[in-house]
Each structure stands twice: as C-alpha cells, then as structure tokens.
Amino acid sequence: MTVTATPVREEAVPEPAAGRRLIDKVFKARELAVAAVLLVMLGATQLSNTEFLSEQGIKDLLLNATILVLVATGQAVVVITRNVDLSVGSVLGISAFAAGTYLQDGGSSLIAILLAVALGALFGALNGALVSLGKVPALVVTLGTLYIVRGIDSIWVGSQQITADDLPNGFVDFGHDGIWVVPYLALLALAVLAAVGYYLRSYRSGREMYALGSSPEAATLAGVPVRKRIMTAYVLCGALAGLAGALYLARFGNVDSATGSGYELTVVSAVVVGGVAFTGGSGSVYGAALGALLLTSINSVLPAIGVSSVWVTAINGILLLLAIAVDRILALRVAAVLRKQAAQLRSARHA
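Note that the structure is predicted; figures quoted are calculated from it, not measured. (Residues numbered from 1 in each chain as written. Predicted model: local features only at pLDDT ≥ 70, side-chain atom pairs only at ≥ 80, totals over all residues. Heavy atoms only, no water.)

Chemist: Sorry, what's going on with the side chain of Ser90 here?
Modeler: Mapped onto the elements, Ser90 comes out in helix α3 (residues 88–104). Sequence-distant contacts of Ser90, defined by excluding residues within four places in its chain, comprise Leu146, Val149, Arg150, Gly260 and Glu264. (Helix = DSSP H or I, 4+ residues; strand = E, 2+ residues; numbered from the N terminus. Contact = heavy atoms within 4.5 Å.)

Next comes the structure, spelled out in structure tokens:
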C-alpha cells in the first residue's frame, strides 16, 4: 500500500528586506516628483519666453547648477549618515582663493584643482574627527568650523581680489567651454555624481553609511565601523567642496573674501528638497543633484518670466519647509506600513 504524503502548505512570509525596498521606492518616487516639477517649470517658462531654452540658455542652466550639484553630492553623503556639514560654503571660498593664488604665480591648472581638493579634504577631516572621535554634535562642530574657516579666509584674503585677468586663459576657458550645450564643468560634475552614487549603492562601505543613518546603535551592534564611515563622509564632502571652489574660480573668474558666504544654506535646501531625509538613512545623491538643479533653475526662471529675483530666497525657504513636511508625512506612513508588515510576520511565524 502506497501512502502519499500531503504536501505541507507554507505561509508566505514577508522578506526582511521588504521594509528597505519600500523606503527605496518611496524616495525614488520623491526624486521623480522633483524631476517632474523641474520639467514642468522649464516647459512653462519656455512657453512664456521662447528664448529661455535656447542653446546658450541651456548651457547657462547647466553651468549655474554645476557648483551646487558638486557640493550637494558631498553634503548628501554626510546627511545620509545622519549628520550635516555647515562649513561647505566657507571651505568652497577658501579653496577657490587658494587655487587662484597658486595660479597667479604661474602654477599648473591641474595642480591648482588638486590643491583645492586637498585643502577641502583637510577641513573635512577636521570636521569628521571632531564629530566621530570627539562625539560632538555635527551641527555644533560644523557651525564652529564655518566661522573658523571664514575667519581664516577673511584674514588671508583681506581686501584682495582675484579676477579672470590673473588666471591662465586655458583655466578660464575650461570654465565656460563645452561640447555643444553641455559645459565641461557639467560633464565633470556628472562623472563625480555617478561615481559617488555607484559607491554608495555597490560597495559595502557605502551601504554601511545608509545603515549608520538609519540607526547608529544598530549599525554599531552589527559591526559597522561608525567612526571610520563618518570620517569618510566628511572627507568626501570637504574634498567636493574644495573641487567646487576651484571650478567656481574657473566659472566666474572672480574670488574675494565673501565667496561662498551663505552657500551652506542653499546646499542643505537642495539636499532636503531632493529627497535626502534629514534624519539620515534615506535618499540618494541623484535626488540631491535634482534638488540643486531645481533651485538654481528657479534663479533663472524668475527673471525670464518677469518676476523679481528677490523672491528666490523666499521660494527656496518654502520648498525647504514643504520638503521637510513631506519627509515627516512619508516617515509616518512608512513606519505604519512597516509595523503592519512586522505584525504579519509574527502572525505567520506563530501559525
């Protein structure tokens, strides 16, 4: 007699990574929303001003966004780890002047850029050491270094000013030329953006930054080298701020003691508007870049439609508040969904 065993029916159990995938989908949708708003805004402006998206107009939009995209990329990495760097504007300014001073004396353009990157990385390492080793809140540390670096910059620069006439022609041309409507600066920023984005998603150390931002305590228990990751994030942020300083010099050909002043607030706005949660652990550098492109495009859109540029700051503030409100609403909804999934998982295990 043959006995046939009745197959045991297995209950579907939610995968542990389901919550992570849900959060990723939510913030990808957020990035798509920012991209949609940007396209609608540019399209509407083109309808009211047919010269807005001319060849030179597109080139100017990309040039205006390049510097902010670079700094926002580094800032996004820091914010993902649940920290912030308020000193990026000051670092940009002092790095730009250092590169300009070197070029004034007949230095190489490549060495000048590397010098700016190294100087930025040095200040980033200082911030990282104070936050990770000294365990001082990032807001306090970087607010302090903002004023320290700005003070050093003011003492060093004084009333001096570097203009395009003091710089090599090739360096200035690099800041304006490009391939058709795409400037070289934009191509460089895109390459940096892609490299950082690939690192965060494809390397273990990059993914650990998301884990750190999601829950520092859990990351520590899981063996994530928290101090090392925070240090890496700040060094990268400082290096990109330094690179942005050198490119700022090439783009505008003018640097003084006020260069980069107040820039940090625009950078933070771009990152948050682009979908990087200020509480850490969510978002991407691509979203931050979209946020930067949106904010810089507003600067060009308002004059094109006949609106005073004095509204730019107010609009940026409104977008920042809206982004924070959306983050809060999404966080509450995601938390509710995750609690429901956890309850389903417990029920499936006890069944």
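Chemist: Would you mind going over the pattern of salt bridges with me for this structure?
Modeler: Oppositely charged side chains can pair when the atoms bearing their charge come close. Enumeration according to the criterion identifies three salt bridges in this entry. Notably, a salt bridge pairs Asp153 with Arg150, separated by 3.5 Å at the nearest N-O pair. Remark: Arg150 and Asp153 occur in helix α5 (residues 138–157); sequence separation between them is three residues, near one turn of the helix. What makes Asp153 buried here is its relative accessible area of 0%. Assessed through its relative accessible area of 14%, Arg150 is described here as buried. With a closest N to O distance of 3.2 Å, Glu208 and Arg204 form a salt bridge. Within this pair, Glu208 and its partner Arg204 are both found in helix α8 (residues 204–214), separated by four residues, close to a single helical turn. On the accessibility criterion, Arg204 (62% relative accessible area) is exposed. A network of salt bridges, in which partner residues are shared, links Arg204, Glu208 and Arg229. (Salt bridge = Lys/Arg side-chain N within 4 Å of Asp/Glu carboxyl O. Buried < 20%, exposed > 50% of the residue type's maximum accessible area, 1.4 Å probe, protein only.)

Chemist: What exactly am I supposed to notice about the nonpolar core here?
Modeler: Generally speaking, a soluble globular protein has its nonpolar side chains buried in company with each other. Formed by 85 residues in total, the largest nonpolar core has its most connected members in Leu200 and Leu249. With 14 residues, helix α2 (residues 55–80) is the single largest residue contributor to this core. The residues touching Leu200, leaving out its near neighbours within four places in the chain, are Val77, Ile80, Gly206, Arg207, Met209, Tyr210 and Val285. (Core = buried A, V, L, I, M, F, W, Y, C linked by side-chain atoms within 4.5 Å.)

In short, shape yes, function no, at least from these values alone.
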